[in-house]
Structures are given as structure tokens and as C-alpha cells.
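What follows is each chain in one-letter form.
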Amino acid sequence: QVYVKKFGQLSLFQEGRVRSKSTLRRDGVAIDEKKILQWSVTTVDDALGERGGPPHKSEHLKLADCTIKGFDDKSVKDSLFLLLLLWAKDPKPINWSLVTVGKTKDEQFANARYAISIARKLGATIFLTPHDIIEVRPKMLLLFVGTVLGLEAAQHGSVA
């Protein structure tokens, strides 16, 4: 284990867990930012289709058209897409009555904190803070989504 202090934050990196984008592969194909984005949007769309639309008790959120165009998309600051992505991976741990519309900073912060909590419950090692989400920091959002992708790959043993 290696502790790295960068920009005032202390992070724990485990050897072999953090790989550069150039060495990350899935089924023998290199994964880049564009493919991670495409995977996330497709995963959410597929889950919405297979499960007959947005999750139960989420009617107040209008999730049917929730998508992102990139990791710099300002619509991600409400964390609804990230929560949908986590729901697509495992619907059980999310209590949609706790999720807000995300119009105010406080609502956005609560949603972001909840998304990080759910990701950790699913087994993800998370290196971002709620502020990274609500301030739409593209590289940190890429890391979050890539970690969720890594959960799937770890289950299937397909990351090289």
C-alpha cells in the first residue's frame, strides 16, 4: 500500500489496482475515455429498457431522459445519471425516496454523497468527493465511472 498526498488530499493506492488508461484493457481491447462514456450510457439505457423504465419510487425525478454527452456535461452535477448507472449495476441498495431533484447546491451535494456511498456499498474504491461531482470535474467523473466499469470487469475477470 502506498499513500500519496496530492493537492491537499490523502489517497490510498493499492499496488496493481490503479492502472494507466493506456494499459487498461477489456476483452483484449484497450479502453479509452470515449469507450467508458459509451459503456456508461449504454448500460443505463439497457437497464431502463430491460426493467420497463425508471426505478419504482423515482417518479419525482423524471429519469427517463437522463443521459450525459461527456464527462464535462454540466447535467451530471445533480448525480442522477451516476445513480442510474449504479442502479443499472445493482438496483437493491438505492432508496430513491432519498434522492432529490438536484436543483440547489445542497440537493446536489446530498445526491453526490449518496452516489459515492452506494458505489462503495457495491465494492468500488472511490477517489472523488461530492464536490468533484457537483463542480463537474471531468477526470474525476471518468475515474468514478471507470471504477464502476471495473466492478463489472472484476465480476467477469476481464480486465487485463
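Residues numbered from 1 in each chain as written. Predicted model: local features only at pLDDT ≥ 70, side-chain atom pairs only at ≥ 80, totals over all residues. Heavy atoms only, no water.

1. Thoughts on the nonpolar core
As a rule of thumb, nonpolar side chains are buried together in soluble globular proteins.
Step number 1: Formed by 45 residues in total, the largest nonpolar core has its most connected members in L82, W96 and F144.
Step number 2: Where this core is concerned, the elements lending two or more residues are α1 (33-50), α2 (80-89), α3 (105-121), α4 (130-134) and α5 (138-156).
Step number 3: Counting residues per element, this core draws most heavily on α2, at nine residues.
Step number 4: The contact partners of W96, leaving out residues within four places of it in the chain, are P55, H56, K57, S58, H60, L61, L63, L83, L84 and W87. (Core = buried A, V, L, I, M, F, W, Y, C linked by side-chain atoms within 4.5 Å. Buried < 20%, exposed > 50% of the residue type's maximum accessible area, 1.4 Å probe, protein only. Helix = DSSP H or I, 4+ residues; strand = E, 2+ residues; numbered from the N terminus. Contact = heavy atoms within 4.5 Å.)

2. A few points about the packing of aromatic side chains
Step number 1: For the structure shown, the criterion picks out zero aromatic pairs.
Step number 2: Positioned above the aromatic ring of W87, the side-chain terminus of R51 is 4.7 Å from the ring centre. (Phe/Tyr/Trp six-rings, centres within 6.5 Å; stacked < 30°, edge-to-face > 60°. Lys NZ or Arg CZ within 6 Å of the ring centre and 35° of its normal.)

3. A closer look at the side chain of N111
Step number 1: Mapped onto the elements, N111 comes out in helix α3.
Step number 2: The exposure class assigned to N111 is buried, which follows from its relative accessible area of 1%.
Step number 3: For N111, the side chain forms a polar contact with the main-chain oxygen of D78, separated by 3.0 Å.
Step number 4: Leaving out residues up to four positions away in the same chain, N111 has contacts with D78, S79, L80, L83, L98, V99, T100, V101 and G102. (Polar contact = N/O pair within 3.5 Å; in protein donor to acceptor, adjacent residues only side chain to side chain.)

4. Some remarks on unusual backbone geometry
Step number 1: A positive phi angle is found at K57, which is not glycine, with a value near 70 degrees.
Step number 2: Note that K57 resides in the loop between α1 and α2.
Step number 3: A positive phi angle, close to 70 degrees, is found at S79, a residue other than glycine.
Step number 4: For S79, a relative accessible area of 0% gives the class buried.

5. Things to note about α1
Step number 1: End to end, α1 covers 26 Å across 18 residues, agreeing with the expected 26 Å (1.5 Å per residue, within 8%).
Step number 2: Within α1, the full set of buried residues consists of I36, L37, W39, S40, V41, T43, V44, A47 and L48.
Step number 3: Of the residues trailing α1, G52 is marked for its positive phi of about 75 degrees. (Expected span 1.5 Å × (residues − 1).)

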